[in-house]
Amino acid sequence: MRSGAASATLAGEGTTRRQTLRDGVREKAALENKSEFENKNVKLVAATAGQQLLVEEEVKRRLKEEKAREEYEKNAQKQGGVDHDLAALRTFAELRERQKVNYEAVTDDDALADAMLAANDLDKKKLLMRYKRLKQEVLQRDSAFTNKVMRNFFTCIRKVGTLNKKSPGFLARWQTRFVVLSNAGLIYFKVGDMQSKEDLSPQHFKPLNDFVVKEASEAETGKPNCFYIIFCKSSLVTTPMLLSAPTPHDMKEWINALRLHQIDVIASRATFFERKLERCGVRVPRASILITQGFNAPVQ
């Protein structure tokens, strides 16, 4: 009897342990599922917030441009004459619509068209509209000087941050890098504690003269928030760079910073071209004249 009772007790204890173990496994699985769900929910909220920021930025930009147009129209009506600034805005908008980037064989003109996407104020619009004519006039008079200016690069820091960069080649893989965008180009460092001398030495430098920026889908790259830097076929660097930002908002900021960098380069070149033409006794018409008479208005 005692032996039977003892066996029953042991059997009951074993059943209880197994049940407790099963309950523990279920509880652990439930916690893991809950944690996974919460992580997914956090990522979804972050992605949604990032998309919302992009939408808000685009709406603000359009409202700002619309407000500027309305103010110029009012001023033109008051003055009763031609408002060159309003004409510049319209001409620039038409020019930007006509310019189509050829991502398969990027040229200097493609780089100019891409930079136009970041020209949000009137001065930048006028600069870009006039730059092409300046380059054309200098090219006709001194092609060697033109090529020297086009292939040169000039330094201040515009943006810094962490990006994922996909290495080229057959065994391509993603690498996290701390990136510095200066108006000389892109400099990137290994990401770590940044304590050793090796960590503080740039791993690579990419000169940025003429390029376009193109967003890439996650379906294409396997990573979110990706964009390409595609270089002009005559640039020192020809292999496109594929980069991934932490959030959609970061990606938008990087793309805009790169395009503003291109405007800085164009502004520097325009100064060189203008000085060269002055020595030749030639003056390219101001942007307001190019707007009213066309880009082929006679030189002065």
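Since we're looking at a predicted model, the values are computed, not measured. (Residues numbered from 1 in each chain as written. Predicted model: local features only at pLDDT ≥ 70, side-chain atom pairs only at ≥ 80, totals over all residues. Heavy atoms only, no water.)

Caption draft 1: View of helix α5 (residues 143-151). For α5, every residue scored as buried is listed here: Thr146, Val149 and Met150. Down the axis of α5, the smallest arc covering the buried residues is 100 degrees, so these residues share one side. Structural note: α5 exposes Ala144 and Lys148 on the side pointing more than 90 degrees away from its buried face. Tucked inside the fold, the buried residues of α5 contact α3 (108-115), α4 (122-141) and α8 (248-279). (Buried < 20%, exposed > 50% of the residue type's maximum accessible area, 1.4 Å probe, protein only. Helix = DSSP H or I, 4+ residues; strand = E, 2+ residues; numbered from the N terminus. Arc of directions from axis to C-beta. Contact = heavy atoms within 4.5 Å.)

Caption draft 2: Layout of the pattern of salt bridges. Enumeration according to the criterion identifies 12 salt bridges in this entry. In this structure, aspartate 109 engages lysine 135 in a salt bridge whose closest nitrogen and oxygen atoms are separated by 4.0 Å. Pair noted here: aspartate 109 is in helix α3 and lysine 135 is in helix α4, with a separation of 26 residues, a long-range link. Using a relative accessible area of 30% as the deciding quantity, one classes aspartate 109 as partly exposed. The class of lysine 135 is buried, set by a relative accessible area of 13%. Across the salt bridge formed by arginine 269 and aspartate 210, the nearest N and O atoms sit 2.9 Å from each other. Placement of the pair is arginine 269 in helix α8 and aspartate 210 in the loop between β4 (204-207) and β5 (211-216), with a sequence separation of 59 residues. By sharing partners, the salt bridges in this structure join Asp108, Asp109 and Lys135 into a single network. (Salt bridge = Lys/Arg side-chain N within 4 Å of Asp/Glu carboxyl O.)

Caption draft 3: Representation of the environment of alanine 297. With respect to the helices, strands and loops of the structure, alanine 297 is situated in the segment after α9 (287-293). Residue class for alanine 297 comes out buried when judged on its relative accessible area of 1%. Counting along the chain gives 12 residues from alanine 297 to proline 285, while the straight-line C-alpha distance between them is 7.1 Å. Excluding anything up to four places from it in sequence, alanine 297 contacts Arg133, Pro285, Ile289 and Leu290.

Caption draft 4: Examining unusual backbone geometry more closely. At asparagine 225, a position not held by glycine, the phi torsion is positive, near 60 degrees. Along the polypeptide, asparagine 225 turns up in the loop between α7 (218-221) and β6 (226-231). Owing to a relative accessible area of 14%, asparagine 225 belongs among the buried residues under this scheme.

Caption draft 5: Highlighting the sheet that holds β4. Taken together, the seven strands give an open sheet; going across it, the order is β4-β3-β2-β1-β7-β6-β5, and neighbouring strands pair in antiparallel fashion. The sheet is open, and its two edges are formed by β4 and β5, each paired on a single side. Neighbouring strand axes in the sheet, compared pairwise and without regard to direction, differ in orientation by 35 degrees on average. Strand direction decides the pairing type here: strand β3 (residues 185-190) and β4, joined by four bridges, are antiparallel. Paired with glycine 185 across the strands is proline 207, a residue of β4. Of the strands in this sheet, β1 (157-166), β2 (174-182), β3, β5 and β6 are in contact with α8, which crosses β1 at around 125 degrees. (Pairing = 2+ DSSP bridges. Axes fitted to C-alpha atoms, helices over the stretch in contact; angles between N-to-C directions.)

Caption draft 6: Fine view of empty space enclosed by the protein. Computed from the structure, the largest cavity encloses a volume of approximately 30 Å³. Every residue along the wall of the largest cavity is listed here: Pro207, Asn209, Ser235, Leu236 and Val237. Class assignment for the residues of the lining of the largest cavity results in three nonpolar, two polar and no charged. (1 Å grid on protein atoms, 1.4 Å probe; cavity = no way out; pocket = protein on both sides within 12 Å on 5 of 7 lines; lining within 4 Å. Points joined across faces, edges and corners; volume = space filled by probe spheres on them. Nonpolar A, V, L, I, M, F, W, Y, C, P; charged D, E, K, R; others polar.)

Caption draft 7: Up close: the side chain of arginine 259. For arginine 259, the position within the fold is in helix α8. On the accessibility criterion, arginine 259 (14% relative accessible area) is buried. Polar contacts involving the side chain of arginine 259 include one to the main-chain carbonyl oxygen of valine 213, which spans 3.2 Å. Arginine 259 has contacts with Asp114, Ala115, Leu117, Ala118 and Val213, leaving out every residue within four places of it along the chain. (Polar contact = N/O pair within 3.5 Å; in protein donor to acceptor, adjacent residues only side chain to side chain.)

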